[in-house]
Amino acid sequence: MIRSDRSPSLRVHPKFLELFKQAEGRFFSDDELDFILSERPDLSPEVATARAVRPLSSGVVKRVVTEIFAQYDYEKLHELALAKCPRDVNYVVAYATQAMLAQDLGWLDDKLLIWLKTILQAFDFPERTKSAVGALFADKELEDNLAKLPKKTRSIYHTYYRLKQEMQRELSQEQFAPLAPFLQLTLDSLTEAY
């Protein structure tokens, strides 16, 4: 359950404040997750999800970035794009996982997504060079949504749509459920119009 606006975020609770601060930008270790679980056994589903996400994150991110780079010519427009894009998507997964544990959607948006959106808005984005519209297994929802978006946000939407989809495919339904709202917020926030 995501906290209501009246309950304080776990990340600002005195027992957890330093833990969250020390883990910014990375996944919690097993020892850190054990500590969270010992203090908050009610977060057992979220801790299980965090444990499951950590080892599969880099593989999921790699698959997503490979697909995006095959369809959008980022390397022609941006220096070190192939190094920076996976790093940034991994940050999103790590922060989304922390926000899930803190049960704090607002923190994810305030701490990372607004900052990342501002940076992304400063870049030029390539047109899609290869589409899957006519492919046998084309994703109609993806294609319909991409067609409605301005050029600048298409590849961003594509990236985080696929990230959410790949995480759902890799995780069990029970593991994916607590993380889903945080991945959806990422997709919505990074592609909303200014």
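Quantities reported herein were computed from a predicted structural model and do not represent experimental measurements.

A. Looking closely at unusual backbone geometry. A positive phi angle, near 55°, is found at Gln103, a position not held by glycine. Here Gln103 lies in the loop between α5 (81-102) and α6 (105-121). Assessed through its relative accessible area of 13%, Gln103 is described here as buried.

B. Representation of the side chain of Thr49. In this structure, Thr49 sits in helix α3 (residues 44-71). Thr49 gets classed as buried once you look at its relative accessible area, which sits at 0%. Setting aside residues no more than four positions away along its own chain, Thr49 makes contact with Met100, Glu174, Gln175, Pro178 and Leu179.

C. The arrangement of the packing of α3 against helix α8 (residues 151-170) in detail. Two elements in contact, α3 and α8, have axes separated by 9 Å at closest approach and are oriented at 140°. In the packing of α3 onto α8, the handedness of the crossing is right-handed. On α8, the residues that touch Val53, Leu56, Ser57, Val60, Val61, Arg63, Val64, Glu67, Ile68 and Gln71 of α3 are Ser155, His158, Thr159, Arg162, Leu163, Glu166, Met167 and Glu170. Here the residues of the contact of α3 with α8 are counted per class, giving eight nonpolar, five polar and five charged.

D. Expanded view of α8. Between its terminal C-alpha atoms α8 stretches 29 Å, which fits the 28 Å expected from 20 residues at 1.5 Å a residue. For α8, the full list of buried residues reads Thr153, Ser155, Ile156, Tyr157, His158, Thr159, Tyr160, Tyr161, Arg162, Leu163, Glu166 and Met167.

E. Highlighting a nonpolar patch on the surface. A cluster of nonpolar residues, Trp115, Ile119 and Phe123, forms a patch on the protein surface that exposes about 280 Å² of accessible area. Looking at the element boundaries, Trp115 is found in helix α6. Looking at Trp115, the relative accessible area reads 48%, which means it is partly exposed.

F. Fine view of the nonpolar core. Within the largest apolar cluster, 58 residues are counted, with the highest numbers of intra-cluster contacts made by Ile36, Leu101, Tyr160, Leu163 and Met167. For this core, the secondary-structure elements that each account for two or more residues are α1 (17-22), α2 (30-39), α3, α5, α6, α7 (140-148), α8 and α9 (173-191).

G. Examining the pattern of salt bridges more closely. In this structure the tally under the stated criterion is 18 salt bridges. Close ionic contact of Glu39 with Lys15 constitutes a salt bridge, the shortest N to O distance being 2.7 Å. Of this pair, Glu39 sits in helix α2 while Lys15 sits in the segment before α1, and the two are 24 residues apart along the sequence. A residue is classified by how much of its surface remains accessible, and Glu39, at 31% relative accessible area, is partly exposed. Ionic pairing is found between Arg26 and Glu32, a salt bridge with its closest N-O pair at 2.7 Å. The class for Arg26 is partly exposed, based on a relative accessible area of 32%. Overall, the relative accessible area of 14% leaves Glu32 in the buried class. Overlapping salt bridges, with partners in common, bring together Asp30, Asp34, Arg51 and Arg54 in one network.

H. Representation of the confidence of the model for the protein chain. Summarising the model, the protein chain shows a mean pLDDT of 88, and 88% of its residues fall at 70 or more. The element-level mean pLDDT for the protein chain is lowest in helix α4 (residues 74-77), coming to 68, with α2 highest at 97.

About the thresholds
Residues numbered from 1 in each chain as written. Predicted model: local features only at pLDDT ≥ 70, side-chain atom pairs only at ≥ 80, totals over all residues. Heavy atoms only, no water. Helix = DSSP H or I, 4+ residues; strand = E, 2+ residues; numbered from the N terminus. Buried < 20%, exposed > 50% of the residue type's maximum accessible area, 1.4 Å probe, protein only. Contact = heavy atoms within 4.5 Å. Axes fitted to C-alpha atoms, helices over the stretch in contact; angles between N-to-C directions. Left-handed = near helix turned anticlockwise from the far one by under 90°. Nonpolar A, V, L, I, M, F, W, Y, C, P; charged D, E, K, R; others polar. Expected span 1.5 Å × (residues − 1). Patch = residues over 30% accessible without salt bridge, like charges linked within 9 Å, V, L, I, M, F, W, Y side chains within 5 Å. Areas by Shrake-Rupley, 256 points an atom, 1.4 Å probe, with all protein chains shown as cover. Salt bridge = Lys/Arg side-chain N within 4 Å of Asp/Glu carboxyl O. Core = buried A, V, L, I, M, F, W, Y, C linked by side-chain atoms within 4.5 Å. pLDDT = per-residue confidence, 0-100.

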